[in-house]
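Now for the letters of each chain:
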Amino acid sequence: MEILWLVLLTVISYFIGNISPATIMGKIYGVDIRKAGSGNPGTTNVLRTLGKKAAACTLLVDVLKGFLPTFLAGLFVSDLAAILCATGALVGHMWPVCFRFQGGKGVATGFGAALAIDWRVGLLALLFAALGVLVTKRMSCGSVAAAVSFPILVYIFISRADGSMGWEYIWAAAMGLLIIWRHRTNILRIIHGEEPALTFFSGRKS
């Protein structure tokens with residue numbers, strides 16, 4: 001029964017991850033966000049295409065998609081349930097069945113999940129992301145920096161009493177690699193000098 005309950009929670013979290021605020025904001029503005037700009041249904045593309053207000057709404061909902069199921073599962077069920085729900089929400093965001101498995105890159109949803117698991121891990125990963133963006137002026141660099149730091153931060157702050165390497169670290173490393181993989185085209189563009197810099201004060205006003 002416990003296994004079935006965990007599976008059910010993971011599936012529910014997956015479908016929560018399917019919610020696409022970028023697509024919703026695009027419909028409000030009369031724009032198909034999956035065909036505009038980079039075509040990615042994420043905060044950065046919404047910012048460039050629809051403006052700051054739409055991007056802020058997209059960011060908030062994407063963060064909550066990762067935070068709420070993870071936090072509630074950890075609060076009322078178990079740490080294992082929290083991690084399964086975090087994984088479900090992240091995978092649901094990246095590969096949503098409701099949108100033909102074409103989703104976002106998972107940074108905001110991953111941040112929400114990390115914040116729910118351990119607020120220190122979440123905030124420090126956000127700090128690394130901010131530093132990456134400030135130094136390079138590219139959101140993708142901040143995202144990769146956060147993904148790289150995530151398993152290291154989990155190792156530092158979520159330690160076992162006996163000091164052993166648990167499955168939590170393997171999970172964190174897998175989630176970090178997954179986000180990096182989703183940014184592989186951005187990484188290639190950076191290598192070739194083709195990744196556009198992010199300018200917060202350009203584009204549509206909103």
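Above this text is the structure in question.
Because the structure is predicted, anything quoted here is derived from the model rather than measured. (Residues numbered from 1 in each chain as written. Predicted model: local features only at pLDDT ≥ 70, side-chain atom pairs only at ≥ 80, totals over all residues. Heavy atoms only, no water.)

Examined against the element boundaries, D62 turns out to sit in helix α4 (residues 52-76). Residue classification places D62 among the buried positions, given a relative accessible area of 2%. Separated by 40 residues in the primary sequence, D62 and A22 place their C-alpha atoms 8.9 Å from one another. In this structure the side chain of D62 is engaged in a polar contact, spanning 3.1 Å, whose partner is the side chain of K65. (Helix = DSSP H or I, 4+ residues; strand = E, 2+ residues; numbered from the N terminus. Buried < 20%, exposed > 50% of the residue type's maximum accessible area, 1.4 Å probe, protein only. Polar contact = N/O pair within 3.5 Å; in protein donor to acceptor, adjacent residues only side chain to side chain.)

In this section: helix α3 (residues 43-50). Among the residues of α3, N45, V46, L47, T49 and L50 are the ones counted as buried. Lining the buried residues of α3 we find α2 (21-29) and α4. (Contact = heavy atoms within 4.5 Å.)

This brings us to the environment of V97. Here V97 lies in the loop between α5 (79-94) and α6 (107-117). We classify V97 as partly exposed; its relative accessible area is 38%. Along the primary structure V97 and F15 are separated by 82 residues, whereas in three dimensions their C-alpha atoms are 8.3 Å apart. V97 has contacts with Y14, F15 and N18, leaving out every residue within four places of it along the chain.

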